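Close look at the chain arrangement
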Amino acid sequence: MEGWLRESGAELDGLELAHFPAIGRGVRTLRCFKQGERILTIPSGCLWTVEHAYADAVLGPVLRSAQPPLSVEDTLAIYILFVRSRESGYDGLRSHVAALPASYSSSIFFEDDELEVCAGSSLYTITRQLEQRIEEDYRGLVVRVFGLHLDLFPLNKFTIENVGYKWALCTVWSRAMDFVLPNGNPLRLLAPFADMVNHSPEVKQCHVYDASSGNLSILAGKDYEAEDQVFIYYGPMPNSRLLRLYGFVIPDNPNDSYDLVLSTHPLAPFYEQKQKLWASAGLNSTCTISLTLDDPLPKNVLRYLRIQRLDESDLAAIALQKIDTNEKISDSKEVEILRFLVESIGSLLDSFGTRLEKLQEQLAKGVYPVGGNAWAAAHVSLGEQKVLRLARKRAEDLLAAVESESGNDRDGCANCGKDSVPLMLCGKCKGIKYCGRTCQVAHYKEHKAACRATTAKN
Ligand SMILES: C[S@@+](CC[C@H](N)C(=O)[O-])C[C@H]1O[C@@H](n2cnc3c(N)ncnc32)[C@H](O)[C@@H]1O
């Protein structure tokens, strides 16, 4: 592969492929490189792109005639499988295919018991959905492309398993680089040799595409000594995404997150008016909001739920610009929203197959072999549960603050409102009053989360 690349004008001097402990194959320097210095360049002609696949004399006409048109991902996957299947020609690209891993550890290749370790996580759900979608897509490709040109795509080589379609998709997911061209169009490409560089969060993006020459380069993301491993930055990804696309995780990943999906039924009251309000807030009627370790309960979650619960008089007040969904609409509505959040996040946490503490204990005891699939799945589950617990805590704190504000304003019993009798404070948090034991018990379910948060704070 390196011989073909050099003959084609690639600049790779000062680098070699090498094996590194724990991480596997990567790229090693043979001399020093200063931060910002160009480390390697792969010329346009050696890159895998949709444009090159379409320009191929044999494959191009088939790809162009596929209806509906193929996705970028499928085009690149078919291009790779096609080159792999050829017995002659395509020598350069075939040398790259020969250097690709024979198997991947993306979660779509996990055994059931390995995936079960992260049951309840978004990775679990997405992986199950992906497995189904990939099978459907493959069947679609057999009908739309492979089956129409069996001379080019013999089905014994264009399988789904066994270094087939799934393998080709994982090749694209784990090795493709994404750019935005000066005209705003996206570009996805695979660059032989440059795709052997591993990821480190310690360098920032240092792969660059020159739109005028069409060449791909990697710049040094830091100063390197001779014999150092070179790294690039794949992006700020949580472990669930890393494991799904790249087949590895970073323990205690600072980018861990949980994608919260919020949606509203189109038959909900005032749906169309609300849709406009969500749109003007940069949201959608169904939207996914990332809860992160730094911001476990983003403002947009509350904003979405405030809009969702607007009634006729609120909508009229919004039209007159008397209220704004950036702020709470009323104490009672905010309490309702925060209680809903505390409960729903609690249900999400309850749906995890193995609780955070148990996973931590299992990892400490070495129940899952380090670096294996189950170990990686355990880290995904840990990361998502940590984020969700922070989100629930934040919702509980906000709830306690709104309840104590409105409770202080209210003179009567928190449950029935009676104020003509002597009132007693909640024994635990002392933040709320009741006319008697019956009302306290009746109100406990509503008050539980705020009580816990206030007690913890005090
Ligand atoms: C673009 S390739 C890099 C080259 C790859 N190691 C190879 O031998 O072909 C991406 C793959 O490298 C591995 N990888 C990259 N960075 C890693 C890291 N920081 N820790 C563990 N594996 C990593 C993962 O298997 C990932 O899917």
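Structure shown above.
Reference entry: report on the structure contained in this document. (Residues numbered from 1 in each chain as written. Predicted model: local features only at pLDDT ≥ 70, side-chain atom pairs only at ≥ 80, totals over all residues.)

1. A short note on the site of the ligand
What counts here: In this text, near has one meaning. A residue is near a molecule or strand if its C-beta atom, placed using the backbone, is within 6 Å of it. Here a strand is any run of E in DSSP of at least two residues, a helix any run of H or I of at least four, and the numbering for each starts at the N terminus. Throughout, the ten residues Ala, Val, Leu, Ile, Met, Phe, Trp, Tyr, Cys and Pro are labelled nonpolar, Asp, Glu, Lys and Arg are labelled charged, and all others, Gly among them, are labelled polar.
Close to the ligand lie 14 residues, the nearest being Arg25, Ser174, Asn198, His199 and Tyr246. Contributions of two or more residues to the shell around the ligand are made by strand S2 (24-29), helix H8 (165-175) and strand S6 (198-199). Ranked by the residues each element gives to the shell around the ligand, the list is headed by S2, at 3 residues. The residue inventory of the shell around the ligand, partitioned by class, reads 5 nonpolar, 6 polar and 3 charged.

2. A look at unusual backbone geometry
Between Gln67 and Pro68 the backbone carries a cis peptide bond, its omega angle lying at -15°. With respect to the element layout, Pro68 can be found in the loop between helix H3 (59-65) and helix H4 (72-85). Although it is not a glycine, Phe193 adopts a positive phi angle of roughly 75°. The residue Phe193 is located in the loop between strand S5 (186-189) and S6 in this model. If you check the backbone angles, Asp252 has positive phi at about 55° while not being a glycine. Its location among the elements puts Asp252 in the loop between helix H9 (239-246) and strand S10 (257-263).

3. Focus: the environment of Glu272
As a reminder, the rule being used: Neighbour density around each residue's C-beta defines its exposure: 20 or more other C-beta atoms within 10 Å make it buried, 12 or fewer make it exposed, and counts between make it partly exposed, where C-beta atoms are placed from the backbone.
Tracing the chain through its elements places Glu272 in helix H10 (residues 271-280). Under the C-beta neighbour-count criterion, Glu272 is labelled exposed, with 8 such atoms within 10 Å. For the pair Glu272 and Ser406, spaced 134 residues apart in the sequence, the C-alpha separation amounts to 32 Å.

4. Looking at the sheet that holds S6
Defined as follows: Two strands are counted as paired when DSSP detects at least two bridges linking them.
As summarised here, the arrangement of the 4 strands in space is S1-S2-S9-S6, forming an open sheet in which the pairing is mixed. Strands with a single pairing partner mark the edges of an open sheet, and in this sheet they are strand S1 (15-20) and S6.

5. Section: the nonpolar core
Applicable threshold: What makes a nonpolar core is a set of buried Ala, Val, Leu, Ile, Met, Phe, Trp, Tyr and Cys residues, with links drawn between C-beta atoms within 7 Å. For the purpose of contact definition, each residue receives a C-beta atom placed from its backbone, and two residues are in contact when these atoms lie within 7 Å.
Ranked by internal contacts, the top residues of the largest apolar core, which has 51 residues, are Ile42, Ala77, Tyr79 and Ile80. Mapped onto this core, the elements with two or more residues apiece are strand S3 (38-42), H4, helix H5 (91-98), H8, strand S8 (215-219) and strand S9 (229-232). Looking at this core element by element, the count peaks at 8 residues for H4. With residues near it in sequence (within four places) discarded, Ile80 still touches Trp48, Val97, Ala168 and Thr171. Formed by 37 residues, the second largest nonpolar core is a distinct cluster that contains Ile337, Leu341, Leu398 and Cys413.

So far we have only geometry, and geometry alone does not tell us how the molecule works.
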